[in-house]
Amino acid sequence: MLVSPALPRPIVIIEDSDEDFEMLCRIFAKIGLEHPLIRYSTGDEALESLKQKRAPLLILLDLNLPATDGREVLNEIKTDPALRCTPVIVLTTSSNPKDVHQSYAAGANAYMIKPVNLEKLSADLKAFCQYWLNAVTLPETEEIE
């Protein structure tokens with residue numbers, strides 16, 4: 001009897017820019033990321049879907065989204081009992097100290113500023129994968145009593 005290994009939990013990317021999402025996909029493929037990537041281009045779409053599905057491994061969140069922005073998405077995720085333990089890494093172009101402070105205050109697990117240099121972004125995402133997928137232990141989706 002063949003036993004198939006469990007599929008890796010997905011990484012959710014909440015990003016409205018097609019170009020940024022495609023760049024992230026190319027970099028993750030080059031790094032050899034084995035987790036599936038799921039993209040939501042609006043905060044509303046992300047929240048609706050996340051509340052109906054099994055929690056992802058982690059979430060990469062852009063702050064500047066149309067309609068429900070990333071700040072509101074972060075607040076919703078971190079107040080939802082089924083999602084609040086899911087690590088949320090803000091990945092944005094904003095270097096505004098107010099955004100950094102508010103993100104951490106709302107429960108963000110990390111704040112990464114998207115560099116404009118492709119080589120720097122690749123290096124940052126490689127370090128991101130090394131840390132979040134290899135160095136730390138992430139919570140399971142089911143509650144442990």
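Our structure's up above, just so we're on the same page.
None of the values given here were measured: they were computed from a predicted structure.

### Things to note about the pairing of strand β2 (residues 37–40)
Part 1 of the argument: Inspection of the sheet shows strand β1 (residues 11–14) paired to β2 by four bridges, in the parallel sense. Bridge pairing in β2 places I11 opposite L37.
Part 2 of the argument: Taken together, β1, helix α1 (residues 18–31) and β2 form a β-α-β motif whose crossover is right-handed.

### A few points about the packing of aromatic side chains
Part 1 of the argument: Per the counting criterion, the structure on display carries two aromatic pairs.
Part 2 of the argument: Judged by centre distance (6.2 Å) and plane angle (45 degrees), the rings of F28 and F128 are tilted. Residue F28 is found in helix α1, and its partner F128 is found in helix α5 (residues 118–135); the two are separated by 100 residues along the sequence. Residues F28 and F128 agree in their burial class; the two are buried.
Part 3 of the argument: Between Y131 and W132, the ring centres sit 5.1 Å apart and the planes meet at 90 degrees, which makes this aromatic pair edge-to-face.

### Concerning the nonpolar core
Part 1 of the argument: Counting residues in hydrophobic clusters, the biggest one holds 20 residues, and the most contacted among them are F28, L58, L60, I89, L125, F128 and W132.
Part 2 of the argument: Sorting the residues of this core by element identifies β1, α1, β3 (58–61), β4 (88–92), β5 (110–113) and α5 as the ones contributing at least two each.
Part 3 of the argument: Here this core takes five residues from α5, the largest share from any one element.
Part 4 of the argument: Once residues lying within four places of it in the same chain are set aside, the contact partners of L58 are P10, I11, V12, T86, P87, I89, F128, W132, L133 and L138.

### Examining the sheet that holds β4
Part 1 of the argument: With parallel pairing, the five strands of this open sheet are ordered in space as β2-β1-β3-β4-β5. Each edge of the open sheet is held by one strand with a lone partner, namely β2 and β5. Taken pair by pair, the neighbouring strands of this sheet meet at an average axis angle of 20 degrees, ignoring direction.
Part 2 of the argument: Alignment of β1 against β3, held across four bridges, turns out to be parallel. Note on β3: the bridge partner recorded for I14 is L61.
Part 3 of the argument: Along the sheet, α1 contacts β1, β2, β3 and β4; its crossing angle with β2, the most-contacted strand, is approximately 175 degrees.

### Some details on a negative patch on the surface
Part 1 of the argument: Among the surface-exposed residues, D44, E45, E48 and E72 lie close enough to one another that they form a single negatively charged patch.
Part 2 of the argument: Top contributing element to the negative patch by residue count: helix α2 (residues 43–50), with three residues.
Part 3 of the argument: Mapped onto the fold, E45 is located in helix α2.
Part 4 of the argument: On the accessibility criterion, E45 (36% relative accessible area) is partly exposed.

Cut-offs used in this document
Residues numbered from 1 in each chain as written. Predicted model: local features only at pLDDT ≥ 70, side-chain atom pairs only at ≥ 80, totals over all residues. Heavy atoms only, no water. Pairing = 2+ DSSP bridges. Helix = DSSP H or I, 4+ residues; strand = E, 2+ residues; numbered from the N terminus. Right-handed = clockwise from strand over helix to strand, strands pointing away. Phe/Tyr/Trp six-rings, centres within 6.5 Å; stacked < 30°, edge-to-face > 60°. Buried < 20%, exposed > 50% of the residue type's maximum accessible area, 1.4 Å probe, protein only. Core = buried A, V, L, I, M, F, W, Y, C linked by side-chain atoms within 4.5 Å. Contact = heavy atoms within 4.5 Å. Axes fitted to C-alpha atoms, helices over the stretch in contact; angles between N-to-C directions. Patch = residues over 30% accessible without salt bridge, like charges linked within 9 Å, V, L, I, M, F, W, Y side chains within 5 Å. Areas by Shrake-Rupley, 256 points an atom, 1.4 Å probe, with all protein chains shown as cover. Salt bridge = Lys/Arg side-chain N within 4 Å of Asp/Glu carboxyl O. Lys, Arg positive; Asp, Glu negative; His and termini not counted. Charge placed at Lys NZ, Arg CZ, Asp CG, Glu CD.

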